[in-house]
Amino acid sequence: MLVSMNWINDFVDLSGEDLPALIKRFTLATAEVEDIVYKGKDIQGVVVAKILTCEAHPNSKKLHLLTVDKGDEVVNVICGAPNARAGITVALATAGGEVCGKSIGKAMLAGYESCGMCCSEAELGLSSENAGIIELDDNLAAGTSIKDVFPIDDVIFEVDNKSLTNRPDLWGHYGIAREFAALTGKPLTVVPTLNAVDYANLPAVSLASTDEMLYRYVAVKAENINVNVSPAYIKIRLFYCGLRPINLLADLTNYVMLELGQPMHAFDGRKADRIEIKRFETPFEFKTLDGQTRAIDNSNLMIVADGEPSAIAGVMGGLDSEIADDTTSLLLESACFDAASTRRTSVKLGLRTDASARYEKSLDPENTMVAAGRFMKLLLEICPDTKITSSFTDLYLKHFDIPVITFDKPYIDRYTGINIPAETIVKTLTSLGFGVKQAGDTFTVTVPSWRATKDVSIKADLVEEVTRIYGYDNFPIITARSPLYPVKPTVSKTDENTAKDILSRRFGLHEVHSYIWYDKKKNKDLKLNLAPNLKVINAQTADHDTLRADMLPSLLYFVSENKGSDFGIYEVGHTVNGVKDGKAVEEKKLGLVLYSRETDEEFLLFRARDIIAAFTEATRGTPPEFKNILPQEQYCHPKNTSEIFVNGIGCGYITVISPAVKNAIDKKAAIVGFNLNLTEFAKIPGVDMSYNETSAYPGIDFDLTIPTPQGVRFADVSKAWQEDSPEHLKSVNLIDIFGDEDKNITVRMSFSSPERTLSMDEVNLHINTITSRLAKMGINIRK
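Residues numbered from 1 in each chain as written. Predicted model: local features only at pLDDT ≥ 70, side-chain atom pairs only at ≥ 80, totals over all residues. Heavy atoms only, no water.

**Q** Please give an account of the domain arrangement of the chain that cites residues and values.
**A** Interface size is often expressed as the accessible area that is lost when the parts come together. Domain boundaries assigned for the chain yield domain 1 (2-35 + 157-184), domain 2 (44-152), domain 3 (196-396), domain 4 (405-474), domain 5 (491-681) and domain 6 (700-776). Relative to domain 3, the C-alpha centre of domain 1 lies at a distance of 26 Å. Counting residues at the interface gives twelve residues for domain 1, matched by 15 residues for domain 3. Taken together, the two surfaces of domain 1 and domain 3 that pack against each other cover about 1200 Å², and 65% of this comes from carbon and sulfur. Ranking the residues of domain 1 by area buried against domain 3 places Trp7, Pro168 and Trp171 at the top, with a combined share of 53%. Our enumeration of links across domain 1 and domain 3 arrives at one salt bridge. With a shortest N-O distance of 2.6 Å, Arg237 and Asp10 are connected by a salt bridge. On the surface where domain 1 and domain 3 come into contact, there are six residue pairs in polar contact (both at pLDDT 80 or more). Sorting the residues of the side of domain 1 that touches domain 3 by element identifies strand E1 (2-4), helix H1 (5-8) and helix H3 (173-184) as the ones contributing at least two each. (Domains from an automatic or database assignment. Contact = heavy atoms within 4.5 Å. Buried area = accessible area lost by both parts, 1.4 Å probe. Salt bridge = Lys/Arg side-chain N within 4 Å of Asp/Glu carboxyl O. Polar contact = N/O pair within 3.5 Å; in protein donor to acceptor, adjacent residues only side chain to side chain. Helix = DSSP H or I, 4+ residues; strand = E, 2+ residues; numbered from the N terminus.)

Set out below in structure tokens:
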């Protein structure tokens, strides 16, 4: 995200500050800054000038011969712009000046001397418009520096979006200004807005919705808008921050979004009078503002204006709702939608926008009314004839809980290892917008709404807030009291690293991280009936008081919030299984879940089996074995659940997710998972690896079809050649499985000798040995 320091200065006075040093502090305290650009540094010697005469060049159809008054003298200039004409006021780059890194001097063009260059907006770096030279206000005095006319000089820095994922309040300039105010100790100016109460007596906008994906929707109408072009400062700020100026109303929605982090949409007042927010049962096609046709289904929340779909909620407006150049009235939308549903819609439609990028970060619903008031404040300042014709109508369906967190100073001191004064703690939290009450060494902190949607919820979060503003570089450097030596990784840690490498690199799965406790609300939503387990006495909330005994429920939480496209996730985490000697028994486990709408459960189950095999063979040199069992957990399928054995030792299970739980997540999907106990797996010895030289003599392959009665496992059948393996048998590979209840298994046995070419008679002797062993198992090979 691009940030303008001129814009930041609207809300916190940074005059006298070393901006590069301050931006570095921002990186250390808040979010990573990737680049800094000094706008206007390469614009020198550009002044206001007036074209006195304009004549066609005698030897060119495009060029014009101009005489230009630049204040201190009249000069000749050659110009090819189609809008060059006598009487207009322009921006002239004088001889000796500089434009976008290019030096301007006197030059001979087509036989005539040119003492400067008339500039377009693009050449001044103010926009991408280069169709003609910029036309300025005729009241400007010739010779005035262009930097006194436009806010060209600015410092633009780019913040890494990934570092803002958990900070929805930083997706606008005002939130970043709050950070700079806290870092410098300077006051933060309140955003100027209209007071919605002053318009409460006006008719309300017709709003209707009961959809759980909508949190809040604020709407207000205005008419008699007779200004179409945005002021220069708005266009420049938008362009510097990566957006293209369009027209006043569209620019204002983008401006407020960049300023407050709140996406908005302006509907043409002629096409929108009544608004309904809903989902449609019947799929249909919808054309968005980018001219593309999108397939809409019942998972997509839509904004319906006067009975017609007009926008994809949280993503993009419809083409028919676009603000036209002749629009004089509008219906303004300032809304907050469910973050996960916005993300799913954006991914499913392949449509990433500035709006969706913000909505999926869990925006503050309280900000919607502020943004609407800010938009209307700016609109009235730019177009005083505008008339607001409705109240600021507010449909508020979901309120976030506001956390109140209590901690004491020893808690801060214990976490930080240093003594941060109580006054500093109060000042820091207050400057960041937290409400703080102090009673001795105890602090009661009320989290502001813009930090309460997903960010700050526990005491440790407040420790981070205090220490990052205090400055990690202000912590004293203390030498360790004892020397540190490299430590050889444990078997368990090596297994964990190997598992992550295989799952991420080879199978393309995503690693996730979750808490060690269950979530009762999510358990209820997903119909997870979990057995009682160890509880935490001082849990932050009642929903999080039970420690998990298994990894799969935590992973199923993620699946329910990210379903849509096929994916696989895994986590290496800890579970708790009872108490021993007064301590919780913790075990490290690898949990994995595969989700798909494109393939069936059988395919996913075998893919999960392949993943387990890849891991066990890489770490222990042996494939796993599986034995069908009755599941211990309700979320495991009653028939398609198997215990995992490695070297004869049970260490986990693999399962298809039970129909009840799967349907609560997604009725159309297949979901498979496994749980591998890495603590127990670390105790399993590996198989010593041996290596044999490849034979120089040709081998013989022999295909054997084995009738396998129902209930007989392939692992049992394979003992016929694995135990006391024939001398020349080098490998056995599964080729085919066919049949209904009684399966026929075809295997390919490869025989070879390092000393000579085997005869068919020798191979038949080995085959007879194997078939005799199978006969003792009750399996007769058809001759």
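Additional details are given in the paragraphs that follow.
**Q** Any chance you could break down the pairing of strand E36 (residues 743-751) for me, citing the residues and the numbers?
**A** Bridge analysis of strand E34 (residues 700-708) against E36 gives nine bridges, and the strand direction is antiparallel. Bridge assignment links Phe702 to a residue of E36, and that residue is Met749. Taking the residues between adjacent antiparallel strands as the criterion, strand E35 (residues 729-738) and E36 are bridged by four residues, where Gly739 takes a positive phi near 115°. (Pairing = 2+ DSSP bridges.)

**Q** Residue-level account of the pairing of strand E25 (residues 435-439), with values.
**A** Pairing of E25 with strand E26 (residues 442-446), which is carried by five bridges, proceeds in the antiparallel orientation. Residue Gly435 lies in a different strand from E26, and its bridge partner there is Thr446. Between the antiparallel neighbours E25 and E26 lie two residues, among them Gly440 with a positive phi of about 70°.

**Q** How would you summarise the sheet that holds E1 if you had to cite specific residues and measurements?
**A** The strand order across the open sheet formed by three strands is E1-E11-E2, and the pairing between neighbours is antiparallel. Either end of the sheet is taken by a strand with one partner, and the two such strands are E1 and strand E2 (33-39). Each neighbouring strand pair of the sheet contributes to a mean axis angle of 25°, computed without reference to strand direction. Relative to strand E11 (residues 154-159), E1 is paired through three bridges, and the arrangement is antiparallel. Among the inter-strand pairings, Leu2 is bridged to a residue of E11, identified as Glu158. Seen against the sheet, H3 touches E1 and E11 and runs at an angle of roughly 65° to E1. (Axes fitted to C-alpha atoms, helices over the stretch in contact; angles between N-to-C directions.)

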